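# Architecture and fold: a report
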Amino acid sequence: MPRNIALASTANGRETARLLTASDPFAGLVMPLVETGTMKAADDTTTLYWRMLKPADFDPNKKYPVIVYVYGGPHAQMLASNYMYAARGWDLYMANRGYIMFTIDNRGSSNRGLAFENCTFRRLGIEEGRDQAKAAEWLRTLPYVDGERIGVHGWSFGGHMTTGLVLRYPDLFKVGVAGGPVIDWKYYEVMYGERYMDTPQANPEGYAGSDLKQLAGQLKGHLLIIHDDHDRTCVLQHTLSFMKACVDARTYPDLFIYPGHDHNVLGRDRVHLHEKITRYFDDYLKQGAR
């Protein structure tokens, strides 16, 4: 339901005053269909939670392209038992443009306990990617999913995940849009990077295994990298070094720079950002990769 704020008695739990009853922000709009469910992680043991948005005029006899929206890293949980199960406005918009929008909280994300989060320690992106790939394999078995048109999008850690999924699983993920991606963890801020990876000196194998520059030659589909030229969190060196690796490997990603923005695109330019992402998927996923 839309947001409600109420005071309740600690003695009996009964509401004593209603402070806010929000109106439905989507009143009057035809909303996509929202489904949730569970599946096993790549370890075949851990239960993961997923959310799927289908177009409002969903036809089970048709084949739809899928966009997987991913963050995947520590500190973040993409699904919650709240309004629309935490789906974002762009997710709703894209579902009603004819996409199935899918999100799953892989191992390593937050609020599931220490063992759930610690399985990615010192090798960020690997186990998380295995979970996302298993989910994509499951999506391909659904009769209404076009298994040759699965894309992926994410920002920051989600940009790292998006780039890694397109490179490691090119036969699964045909189109990717990665925003502000971490490419090489040794370029990332020590507060976050060394908390989850240790230092490059203590964990050289982990850093090498998570360095996406080493996978630049595996790009087969369409990959758009978006970066902000004032990004102080994930510095532009990540993307520039990846572009150089792709040039050396003779692979051909796309690049778009947002001038004057930090680690995300805010204000009026954010409309341009989402239109840019939408057009990329429309060009290369909705109509099939060219």
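Our structure's up above, just so we're on the same page.
In this text the structure is predicted, and so the values were computed from the model without any measurement.

### Thoughts on the pattern of salt bridges
The final tally for this structure, using the stated rule, is 22 salt bridges. The salt bridge involving Glu 15 is made with Arg 18; its shortest N-O contact spans 3.0 Å. Judged by relative accessible area, Arg 18 falls into the partly exposed class, the value being 42%. One salt bridge in this structure joins Asp 248 and Lys 244, with 2.8 Å as the shortest N-O distance. Here Asp 248 pairs with Lys 244, and both are found in helix H7 (residues 237-249), just four residues apart, close to one helical turn. What you see here is one network of salt bridges that share partners, running through Asp 43, Arg 107, Arg 123, Glu 127, Arg 130 and Asp 131.

### A closer look at the sheet that holds strand E7 (residues 145-155)
Read from one edge to the other, the open sheet built from eight strands follows the order E3-E4-E6-E5-E7-E8-E9-E10, with strand pairing classed as mixed. Looking at the sheet topology across the chains shown, the edges are occupied by strand E3 (33-40) and strand E10 (254-258). Going from strand to strand, the sheet's axes swing by 20° on average, the running direction of each strand aside. The pairing of strand E4 (residues 47-54) with strand E6 (residues 100-104) spans four bridges and is antiparallel. In the sheet register, Leu 53 faces E6, and the bridge partner there is Met 101. The sheet contacts of helix H3 (residues 126-140) involve E3, E4, strand E5 (64-69), E6 and E7, and relative to E7 the element is tilted by about 150°. In the packing of H7 onto the sheet, the strands contacted are strand E9 (222-228) and E10, and the crossing angle to E9 comes to about 145°.

### Regarding the nonpolar core
Among the nonpolar cores identified, the biggest contains 56 residues, and Phe 102, Phe 173 and Trp 185 are the most heavily contacted of them. Sort the elements by how many residues they give to this core and helix H4 (residues 157-168) lands first, with five residues. Excluding anything up to four places from it in sequence, Trp 185 contacts Leu 124, Phe 157, His 160, Tyr 192, Gly 193, Met 197, Tyr 207 and Ser 210. Counting residues in each nonpolar core, the second largest holds 22 residues, with Tyr 99, Met 101, Ile 277 and Phe 281 among its members.

So, how was this worked out
Residues numbered from 1 in each chain as written. Predicted model: local features only at pLDDT ≥ 70, side-chain atom pairs only at ≥ 80, totals over all residues. Heavy atoms only, no water. Salt bridge = Lys/Arg side-chain N within 4 Å of Asp/Glu carboxyl O. Buried < 20%, exposed > 50% of the residue type's maximum accessible area, 1.4 Å probe, protein only. Helix = DSSP H or I, 4+ residues; strand = E, 2+ residues; numbered from the N terminus. Pairing = 2+ DSSP bridges. Axes fitted to C-alpha atoms, helices over the stretch in contact; angles between N-to-C directions. Contact = heavy atoms within 4.5 Å. Core = buried A, V, L, I, M, F, W, Y, C linked by side-chain atoms within 4.5 Å.

Functional significance is not addressed by these values, which are geometric in nature.
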